[in-house]
Amino acid sequence: MSLIRRDYQGADDLRLMQGLVQRLWTRRSFLHIGDLAWQRDPRAPDVAQPTALWFDGETLVGWIWRLAAEAHVLFDPAFAGILPDALNWAVAQSPDASLAISALEGDRALMAALTETGFVRDPAVPFDLQAFRDLEDLPPMELPPGFSALTQAELGNVERKAAGHRAAWSRLADYDPEEPPLNSRVSTESYREMMATWPYRPELVLAILSPDGRVAASSCTWLDEDHGVGLFEPVGVAPDFRRLGLARAICAFGLAALKAAGARLALVKPRGDDAYPVPRYVYKSMGFVVEARTYVFVRRPSRRSPRPSPTPLF
């Protein structure tokens with residue numbers, strides 16, 4: 001087997017990475033094309049997100065992408081023998097830092113490669129669930145008096161949408177006394193860049209406005225037309241507007257938008273650990289059914305054993 005590895009070179013490579021996700025996708029896949037659209041900066045190489053791609057001739061057969069203290073990896077099963085080399089490449093990008101990688105249950109090839117290269121499953125690290133819902137018999141969208149629901153196509157104002165996302169995803173000092181406050185890194189500029197990333201569609205990016213015009217709840221949905229499955233990534237409610245049923249309302253809005261766009265299935269990936277239970281309860285109440293969970297494997301430097309630092313919020 002003669003493969004060529006090269007570093008990520010920009011937006012065209014992101015599209016290639018998404019293409020491999022789409023080609024390999026099943027209901028037991030950890031990644032959806034929307035994960036990459038939302039999380040990966042499509043611009044020229046970023047030292048904060050080192051990424052390597054493996055090619056068989058001109059065909060992309062695998063990639064690994066490191067984001068601070070975690071990484072995502074995907075290989076065509078026919079080339080799974082390259083996984084240990086890929087994992088060691090990711091470790092070498094920051095050899096003095098811990099690295100966490102999630103594997104969806106049932107992915108035996110990745111779990112075996114993680115174990116072979118010194119990663120250890122850590123049950124103390126938060127894990128994710130994978131839950132699906134068909135798009136029949138959808139729940140109604142119910143809004144408090146004075147609130148309104150708009151798509152980004154209708155809202156138009158990118159600055160306001162980005163501000164609403166930051167409000168929902170910046171952790172306040174009193175949100176968790178065990179954790180320091182964090183700021184979302186989403187800006188108006190980065191939001192515009194995301195809007196230029198395939199498969200962004202403004203009619204699938206949603207907002208709920210408060211009576212005073214603020215974005216009280218925000219969501220993006222991403223449609224994989226080949227498989228008819230739409231991913232919610234992310235969903236958030238600003239602190240001033242929590243406990244009003246807005247998370248459920250914007251998800252109901254998103255389900256209807258996905259169905260109108262031709263989707264047959266919706267996917268959410270909430271945390272599954274007991275420290276963060278509310279989102280999974282909301283999704284369960286809306287008919288989402290958990291089909292799998294992730295296991296988190298961590299490799300730590302041999303000279304010390306720190307917990308992996310939190311990944312910056314998107």
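Residues numbered from 1 in each chain as written. Predicted model: local features only at pLDDT ≥ 70, side-chain atom pairs only at ≥ 80, totals over all residues. Heavy atoms only, no water.

### What about the pairing of strand β8 (residues 148-151)?
One face of the sheet, then the other: side chains in a regular strand alternate in exactly this way.
Point 1. Residues of β8 alternate between two faces, with Ala149 and Thr151 buried on one and Ser148 and Leu150 left unburied on the opposite face.
Point 2. By the bridge criterion, four bridges tie β8 to strand β9 (residues 205-209) in an arrangement that is antiparallel. For Ser148, the partnering residue across the bridge sits in β9 and is Leu209. (Buried < 20%, exposed > 50% of the residue type's maximum accessible area, 1.4 Å probe, protein only. Helix = DSSP H or I, 4+ residues; strand = E, 2+ residues; numbered from the N terminus. Pairing = 2+ DSSP bridges.)

### Regarding the nonpolar core
Point 1. Judged by nonpolar contacts, the single largest core of 31 residues is most densely connected at Ile208, Phe232, Leu246, Leu258 and Phe288.
Point 2. If you list the elements that add at least two residues to this core, you get β9, β10 (215-224), β11 (229-237), α8 (246-260), β12 (265-268) and α9 (278-285).
Point 3. Excluding residues that lie within four positions of it along the chain, Phe288 makes contacts with Ala131, Phe132, Arg133, Phe232, Leu255, Ala266, Leu267, Val268 and Tyr283.
Point 4. Of all hydrophobic cores here, the second largest spans 25 residues; its members include Trp54, Phe75, Ala86 and Phe119. (Core = buried A, V, L, I, M, F, W, Y, C linked by side-chain atoms within 4.5 Å. Contact = heavy atoms within 4.5 Å.)

### As for the packing of helix α3 (residues 83-93) against helix α4 (residues 108-116)
Point 1. Two elements in contact, α3 and α4, have axes whose closest approach is 9 Å; the angle formed by their N-to-C orientations is 55 degrees. Classified by the angle between their axes, α3 and α4 sit oblique to one another. For the pair α3 and α4, the sense of crossing is right-handed. Contact with α3, carried on its side by Leu83, Pro84 and Leu87, involves Ala109, Leu110, Ala113, Leu114 and Glu116 of α4 and no other residues of that element.
Point 2. Taken together, the residues that form the contact of α3 with α4 break down as seven nonpolar, no polar and one charged. (Axes fitted to C-alpha atoms, helices over the stretch in contact; angles between N-to-C directions. Parallel < 35°, antiparallel > 145°, perpendicular 65-115°, else oblique. Left-handed = near helix turned anticlockwise from the far one by under 90°. Nonpolar A, V, L, I, M, F, W, Y, C, P; charged D, E, K, R; others polar.)

### Examining the confidence of the model for the protein chain
Point 1. Overall, the predicted model of the protein chain reaches an average pLDDT of 91, with 90% of residues at or above 70.
Point 2. Confidence drops under a pLDDT of 50 for residues 305-314, and excluding neighbours within four residues, the segment shows 27 contacts in the predicted structure. (pLDDT = per-residue confidence, 0-100.)

### Let's talk about the environment of Ala261
Point 1. Mapped onto the secondary structure, Ala261 falls in the loop between α8 and β12.
Point 2. Of the residues examined, Ala261 reaches a relative accessible area of 21% and is grouped as partly exposed.
Point 3. Spatially, the C-alpha atoms of Ala261 and Glu225 are 9.0 Å apart, while their sequence positions differ by 36 residues.
Point 4. If sequence neighbours within four positions are ignored, Ala261 has contacts with Arg201, Leu204 and Leu223.

### Observations regarding the pattern of salt bridges
Point 1. Under the definition given, this model contains 13 salt bridges.
Point 2. Members of the salt-bridge network, linked through shared partners, are Arg201, Glu203 and Glu225. (Salt bridge = Lys/Arg side-chain N within 4 Å of Asp/Glu carboxyl O.)

### As for unusual backbone geometry
Point 1. Of the consecutive residues Trp198 and Pro199, the connecting peptide bond is found in the cis state with omega at 5 degrees.
Point 2. Among the structural elements, Pro199 can be located in the loop between α7 (188-195) and β9.
Point 3. A cis amide bond links Glu233 to the next residue, Pro234, at an omega of 0 degrees.
Point 4. Along the chain, Pro234 turns up in strand β11.
Point 5. Phi is positive for Ala68, which is not a glycine, with a value near 55 degrees.
Point 6. One can find Ala68 in the loop between β3 (59-67) and β4 (70-75).
Point 7. By relative accessible area, Ala68 is classed as partly exposed at 40%.
Point 8. A positive phi angle, close to 50 degrees, is found at Asp137, a residue other than glycine.
Point 9. Structurally, the position occupied by Asp137 is in the loop between β7 (129-134) and β8.

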